[in-house]
Each structure stands twice: as structure tokens, then as C-alpha cells.
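Working through the structure, step by step
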Amino acid sequence: MVFAHATSFAQGFRSFFSGISFLLARPRLWWLAIIPLTIGIIMLIVMFVSFFHYYGDLHAWIISHMGHLHLDNPDVWWMHVLNALLWVVDLIVQLLVVLVTAILILLVFYIATLIISAPFNDMLSERVEEEVTGVKAPPLSLKRMIRETGHTMWIEVLKGLVFISVPIVSLILLVIPAIGGICYLVVTIVFGMWDMGFTYIDYPMGRRHMSFIQRMRFAWRNKSALVGFGWIFIIPFLNFFFIAPMAVGGTLLYLRCEEKSS
């Protein structure tokens, strides 16, 4: 059993690099990767440029609500010391503003990039599956788009509820003395890797109109492969630069798992 899980994990891990190799060998598919990547980079640059442009106003607004962080015309030694301490406080405030804003920008950028890249990833996954299996996807029509959009929205709501509840429920582990924090960290990382793997094998499952229960069963049967495939989760925001290869690798991994199951 342990050997089987290790083999499955290794298969998922290799699928990430298979996705990169598959995409690099097919320049005709690059536009599906380059367009969302370019949009994301431009959006990130605009957000950071806007932040630094308005940083002075933001800092002044925050300081105005904290009080005056400088003593004018200090005439005794302790006032000079207090001025130095106030300068340190101001510096800490500036660092916190930059840090918190950078984190918020990256989060917004990451979520927006996933939304923007989703239709491109779906097309890319479809092209990969057509090439590997030789089976053409049904032609795109307005009726198909409406039907699939409604189904996809419902599935995404269910996925969101499950994937948000797991980390919250896992907080119970923190009450375990001594090892609770370590257990929570391990569970969070492993679940995050599985979740990322699930995200990218979901494209071919969506085209098959699988129900949420069917998707979860498939993902659970191949949990070790999904955890191995989602290893990039442990490096924050690195996934952004590999969204297209992940979509390709996830499709290849799904086809392998489907073939093994059948």
C-alpha cells in the first residue's frame, strides 16, 4: 500500500514536468499560455505602480490618524530620544503598510489571474486531450456554453464550500498539546497540494459533465497523485508562472489515472 501511494505520488510529480515538456514541444499552443500570462503581468505592474504613486497620500492619511510622530524644536535630551523612537515607529508603520499592501495586491492578482486564465486553460486542456486521445471535442455552441456555464458555477460553489471548510475544521488540531501546531501545518500543506492538483485535473472532468460527487471520488481515489502534482503549492505564487503547464500536466495526469482506473 505504501509503495502504491509512493508510485502514485511520483506519477503526479512527474506530470508537472510532462506538462512543461508537452507545451514546449508545441509552439502552436503557446498563445493560450502567453495571453493570460501577459495580462496578469501587466495587471500586476499597474497595481504596484498605482500603489507607489499614491503611497505618500496613504502614508499621510495613516499618520494623521495616529497623531504627530515628531517633536518640533526639542530642547532637552529625552525629547531627542523620543524623536528617535517616534522615527522608528514611523518606519515600522511604513514597512507594515508596504508589506500588507504587497500581500493584498498579490492575492488579488493571483485570484484575478486564475479567473482570467480559466477559459484559456480549458481550451488548452481540450487541445491536449484531442491530441492525446484523437477524439475531437463537440463543437462550441451558444446552447452548450450556457449549459456548461450554469453547471460549472454550481460545481465551483460546492468546491468552494468544501475547500474552505477543510482548513477551518482543521483548526481543531491546534488544541492538541505539543504537536497540535505541527499537525495543523502538515494537514494544511498536504491539503493545499491536493487542492491545487484537483484544480488542474478538473478541466477534463468538467468537459465530461461529471457531478461534484463523481469528481470528489475520482480525486480521492487518486489522492496521492494529486498531492504529488500539486507540490508547487509549497512555493507561494510560483504557480502563476506555470498555470498553462499545470493545465497541460493536469490533463495528462487525468488521462493516465482514467486509463488506469478503466
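Residues numbered from 1 in each chain as written. Predicted model: local features only at pLDDT ≥ 70, side-chain atom pairs only at ≥ 80, totals over all residues. Heavy atoms only, no water.

Considering unusual backbone geometry
With a phi close to 55°, His209 is a non-glycine residue in the positive phi region. Among the structural elements, His209 can be located in the loop between α6 (180–207) and α7 (212–221). (Helix = DSSP H or I, 4+ residues; strand = E, 2+ residues; numbered from the N terminus.)

Observations regarding the pattern of salt bridges
Scanning the model with the defined rule gives seven salt bridges in all. Two residues, Arg207 and Glu129, come together in a salt bridge whose shortest N-O distance is 2.6 Å. Residue Arg207 is located in helix α6, and its partner Glu129 is located in helix α4 (residues 77–133); the two are separated by 78 residues in the primary sequence. For the pair Arg207 and Glu129, a shared accessibility class is recorded, and that class is buried. For Glu129, the salt bridge identified is with Arg208, shortest N-O distance 2.3 Å. Of this pair, Glu129 sits in helix α4 while Arg208 sits in the loop between α6 and α7, and the two are 79 residues apart along the sequence. On the basis of relative accessible area, Arg208 is assigned to the partly exposed category, the value being 30%. (Salt bridge = Lys/Arg side-chain N within 4 Å of Asp/Glu carboxyl O. Buried < 20%, exposed > 50% of the residue type's maximum accessible area, 1.4 Å probe, protein only.)

With respect to α7
Buried within α7 we find Phe212, Arg215, Phe218 and Ala219. Projected down its long axis, α7 shows its buried positions confined to an angular sector of 130°, all on one face. The exposed residues of α7 that point more than 90 degrees off its buried face are Arg217, Trp220 and Arg221. (Arc of directions from axis to C-beta.)

Focus: α6
Each full turn of the α-helix corresponds to 3.6 residues, which orients residues three or four apart in the same direction. Across its 28 residues, α6 extends 40 Å between first and last C-alpha, which sits within 8% of the 40 Å expected from 1.5 Å per residue. Of all the bends found along α6, the most pronounced is centred on Ile201 and spans about 40°, while Pro204, a proline, follows it within four residues. Positive backbone phi, at 55°, marks His209, one or two positions downstream of α6. (Expected span 1.5 Å × (residues − 1). Bend = angle between axes of the 7 residues up to and from the residue.)

Considering the packing of aromatic side chains
The final tally for this structure, using the stated rule, is 13 aromatic pairs. Among the aromatic residues, those joined into a cluster by ring pairs are Phe13, Phe16, Phe17, Trp231 and Phe242. In this arrangement the basic side chain of Arg26 is found over the ring face of Phe22, its NZ or CZ atom lying 3.6 Å from the centre. The cationic tip of Lys223 hangs over the ring face of Trp220; the distance from NZ or CZ to the ring centre is 4.4 Å. (Phe/Tyr/Trp six-rings, centres within 6.5 Å; stacked < 30°, edge-to-face > 60°. Lys NZ or Arg CZ within 6 Å of the ring centre and 35° of its normal.)

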